[in-house]
Amino acid sequence: MTSMLEVRPKAGGLPVPFACEDDGGALDHSHVVKRRAIRCALSRICGICGETLTRPIAFFGPLAEWDAGLFTFPPTHHQCARDALDLFVPLGGRHLGQAEPPLTWALVTTGGFDVIRPTRRAGIVQFRPNSVIEAVIID
Ligand SMILES: [Zn+2]
């Protein structure tokens, strides 16, 4: 585990990403907090560590999200994404903002992204990477 994940508060003994903590401090590994997702996008901060993003920007999620070109977890540092996947993928379970444990993950690096705002109030924010640099499938 790296220092970036080590500084995050823990739930169930595991560090909770910045995007999975609400502003009141509630922690939920299986849920991306909408306000945090928007903050990550607008302020260009990492969904794992909460620090300013640097390029290349990374996105990760279930293979189906990569196939659709839309991710629900906010942008992250490439290293944060690698560290988080190294930690959580072997564990399985409902982690990294996923309500359903993905069987296969995709990790994508990109120079930029678009934010897809929900059309309904209850909808989720999604991210569409553009100019994909590299895509890695992890299972
Ligand atoms: Zn980070």
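Residues numbered from 1 in each chain as written. Predicted model: local features only at pLDDT ≥ 70, side-chain atom pairs only at ≥ 80, totals over all residues.

Quick look at the overall build of the protein chain
Here is step 1 of the chain: Looking only at helices and strands, the protein chain features four helices and six strands.
Here is step 2 of the chain: In terms of overall dimensions, the protein chain is globule-like: its C-alpha atoms have a radius of gyration of 13 Å, near the 14 Å expected for 139 residues.
Here is step 3 of the chain: Taken along the three principal axes of its C-alpha coordinates, the protein chain extends 35 × 35 × 30 Å.
Here is step 4 of the chain: Pairs at least 24 residues apart make up 58% of the contacts formed inside the protein chain by residues separated by at least 6 positions. (Helix = DSSP H or I, 4+ residues; strand = E, 2+ residues; numbered from the N terminus. Rg over C-alpha atoms; globule rule 2.2 N^0.38 Å. Contact = placed C-beta atoms within 7 Å.)

With respect to the nonpolar core
Here is step 1 of the chain: The biggest cluster of nonpolar side chains holds 34 residues, and the ones touching the most others in it are Ala19, Ile48 and Phe60.
Here is step 2 of the chain: Ranked by residues supplied to this core, first place goes to strand 5 (residues 105-116) with five residues.
Here is step 3 of the chain: The contact partners of Phe60, leaving out residues within four places of it in the chain, are Phe73, Ala81, Leu85, Trp105, Ala106 and Leu107. (Core = buried A, V, L, I, M, F, W, Y, C linked by C-beta atoms within 7 Å. Buried ≥ 20, exposed ≤ 12 C-beta atoms within 10 Å, placed from the backbone.)

A short note on the sheet that holds strand 4 (residues 76-77)
Whenever strands of a sheet pair, they do so through backbone hydrogen bonds, lying parallel or antiparallel.
Here is step 1 of the chain: Spatial strand order, 4-3-5-6: four strands in an open sheet with antiparallel pairing. Because the sheet does not close on itself, it has two edges, and the strands there are strand 4 and strand 6 (126-138). (Pairing = 2+ DSSP bridges.)

A few points about the pairing of strand 5
Here is step 1 of the chain: The sheet contact formed by strand 3 (residues 57-62) and strand 5 spans six bridges and is antiparallel. For Phe60, the partnering residue across the bridge sits in strand 5 and is Leu107.
Here is step 2 of the chain: Sheet topology note: the strand 5/strand 6 ladder contains 11 bridges and is antiparallel. Paired with Trp105 across the strands is Ile138, a residue of strand 6.

Some details on the pairing of strand 3
Here is step 1 of the chain: Here strand 3 lies mainly inside the structure; six of its six residues are buried.
Here is step 2 of the chain: As paired elements, strand 3 and strand 4 share two bridges and run antiparallel to each other. Across the sheet, the residue bridging to Ile57 is His77, located in strand 4.

Topic: helix 2 (residues 34-43)
Here is step 1 of the chain: Buried within helix 2 we find Arg36, Ala37, Cys40 and Ala41. Along the axis of helix 2, the buried positions cluster into a sector of 135°, meaning they face one direction only. Within helix 2, the exposed residues directed more than 90 degrees away from the buried face are Arg35, Leu42 and Ser43.
Here is step 2 of the chain: Downstream of helix 2 by one or two residues, Arg44 has phi in the positive range, about 55°. (Arc of directions from axis to C-beta.)

Digging into the confidence of the model for the protein chain
Here is step 1 of the chain: On average, the protein chain scores 94 in pLDDT, and the residues at 70 or more come to 98%.
Here is step 2 of the chain: Within the protein chain, helix 1 (residues 3-6) has the poorest average pLDDT of any element, 72, and strand 3 the best, 98. (pLDDT = per-residue confidence, 0-100.)

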